[in-house]
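Take a look at the letters that make up each chain.
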Amino acid sequence: MEVTILTWAVAVAGLMLIGLLAALQLVAVVNPRARWTIDNVYGGTPDATDPNAYFAFNQGYAWADPFFWAPLQIAGSIGMLLGEQWGFLLALAASVPFWYSAILIFIWDRNMGFRRNTVGYWVVVWGMWPAFGVLEGVYCFARLLE
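Please read these numbers as outputs of a predicted model, since none were measured by experiment.

A.B. asks: What am I meant to see in the overall build of the protein chain here?
C.D. replies: Along the backbone of the protein chain there are 5 helices and 0 strands. Helices and strands appear in the protein chain in the N-to-C order α-α-α-α-α. Relative to the compact-globule value of 15 Å for 146 residues, the protein chain shows a C-alpha radius of gyration of 16 Å, a close match. Every one of the 146 residues in the protein chain was classed for burial, and the buried ones make up 38%. Residue pairs in contact within the protein chain that sit at least 24 positions apart in sequence constitute 67% of those at least 6 positions apart. For the protein chain, the exposed surface amounts to about 7800 Å²; the carbon and sulfur share of it is 72%. Where the 6 positive side-chain charges of the protein chain centre and where its 9 negative ones centre are 11 Å apart.

Now the structure itself:
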């Protein structure tokens, strides 16, 4: 498959986003109850809810993101850059957690009172993930139909 400028943009953006997420979540795997992890990875506070539920919810993502999702996105991005059809297929699959998990986090943050009415929250904390996931999914699907 032809590797275009848009292919490069989507693949590199995917690598950057998943690299950031995987690094943060690896910190959460290593130090799951550290104050820095709570403030910078999980958000909110365990005091606002049942601490067991808070840590269980966040630890699920902490383990799934770097050990399942990141390898899928990395392989997909590399395959896209190599112009391989399997790369676009893997990237299509890797696009789903970007928007799927954003829906869960959107509801969790709303119901737990973690949501903030700031540009930083709506763009960085929440918005860029589903926006990229939809973009990557649509792009890869369209390329696979060629």
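There is more to say after this.
A.B. asks: Honestly, the pattern of salt bridges in this entry has me stumped. Any pointers?
C.D. replies: Close approach of charged atoms allows side chains of opposite charge to pair. According to the stated counting rule, one finds 2 salt bridges in the structure shown. Its salt-bridge partner being D39, residue R35 comes within 3.0 Å of it at the nearest N-O pair. Highlighted residues: R35 and D39, both in helix α2 (residues 35-42), separated by 4 residues, approximately one helical turn. Among the residues examined, D39 registers a relative accessible area of 43% and is labelled partly exposed. The salt bridge partner of E146 is R143, with a shortest N-O separation of 3.1 Å. The buried category is assigned to R143, whose relative accessible area is 6%.

A.B. asks: Would you mind showing me how to read helix α3 (residues 51-81) here?
C.D. replies: Note on helix geometry: an α-helix contains 3.6 residues per turn, so any two residues three or four positions apart are oriented the same way. With 31 residues, α3 extends 43 Å from end C-alpha to end C-alpha; this agrees with the ideal 45 Å at 1.5 Å per step. At D65, α3 shows its largest bend, some 50°, and a proline, P66, comes one to four positions later. Of the residues flanking the start of α3, the one acting as N-cap is D50, its side-chain oxygen 3.0 Å from the backbone nitrogen of N52.

A.B. asks: How should the packing of aromatic side chains be read in this particular structure?
C.D. replies: We describe a pair of aromatic rings using the distance from one ring centre to the other and the angle between the two ring planes. This structure, assessed with the given rule, holds 12 aromatic pairs. Measuring from centroid to centroid gives 5.1 Å for Y54 and F55, while their planes differ by 90°, and the two rings are edge-to-face. F55 shares its class with Y54; the two are buried. Here F98 and F132 contribute two aromatic rings whose centre-to-centre distance is 5.0 Å and whose plane-to-plane angle is 75°, an arrangement assigned as edge-to-face. Placement of F98 in helix α4 (residues 85-112) and of F132 in helix α5 (residues 119-145) is noted, with a sequence separation of 34 residues between them. Put simply, the rings of W69, F98, W129 and F132 touch in pairs and so form one group of aromatic residues. In this structure, R33 is placed above the aromatic ring of F55, and the distance from its NZ or CZ to the ring centre is 4.0 Å.

A.B. asks: Sorry if this is basic, but what is going on with the nonpolar core here?
C.D. replies: For soluble globular proteins, the rule of thumb is that nonpolar side chains tend to be buried together. Counting residues in hydrophobic clusters, the biggest one holds 17 residues, and the most contacted among them are W69, M80, F98, Y139 and C140. Of all the elements in the fold, those that place two or more residues in this core are α1 (5-30), α3, α4 and α5. Grouped together as the second largest cluster of nonpolar side chains are 9 residues, V29, I38, W108 and F114 included.

A.B. asks: Explain α4 here, please?
C.D. replies: Here α4 spans 41 Å end to end across 28 residues, near enough to the 40 Å set by a 1.5 Å rise per residue. For α4, the complete set of buried residues consists of G87, F88, A91, A94, S95, P97, F98, S101, A102, W108 and D109. In this structure, the buried side of α4 is in contact with α1, α3 and α5. Where α4 ends, the next residue or the one after it, G113, has phi of about 80°, a positive value.

Scoring rules and cut-offs
- Residues numbered from 1 in each chain as written.
- Predicted model: local features only at pLDDT ≥ 70, side-chain atom pairs only at ≥ 80, totals over all residues.
- Heavy atoms only, no water.
- Helix = DSSP H or I, 4+ residues; strand = E, 2+ residues; numbered from the N terminus.
- Rg over C-alpha atoms; globule rule 2.2 N^0.38 Å.
- Buried < 20%, exposed > 50% of the residue type's maximum accessible area, 1.4 Å probe, protein only.
- Contact = heavy atoms within 4.5 Å.
- Areas by Shrake-Rupley, 256 points an atom, 1.4 Å probe, with all protein chains shown as cover.
- Lys, Arg positive; Asp, Glu negative; His and termini not counted.
- Charge placed at Lys NZ, Arg CZ, Asp CG, Glu CD.
- Salt bridge = Lys/Arg side-chain N within 4 Å of Asp/Glu carboxyl O.
- Expected span 1.5 Å × (residues − 1).
- Bend = angle between axes of the 7 residues up to and from the residue.
- Polar contact = N/O pair within 3.5 Å; in protein donor to acceptor, adjacent residues only side chain to side chain.
- Phe/Tyr/Trp six-rings, centres within 6.5 Å; stacked < 30°, edge-to-face > 60°.
- Lys NZ or Arg CZ within 6 Å of the ring centre and 35° of its normal.
- Core = buried A, V, L, I, M, F, W, Y, C linked by side-chain atoms within 4.5 Å.

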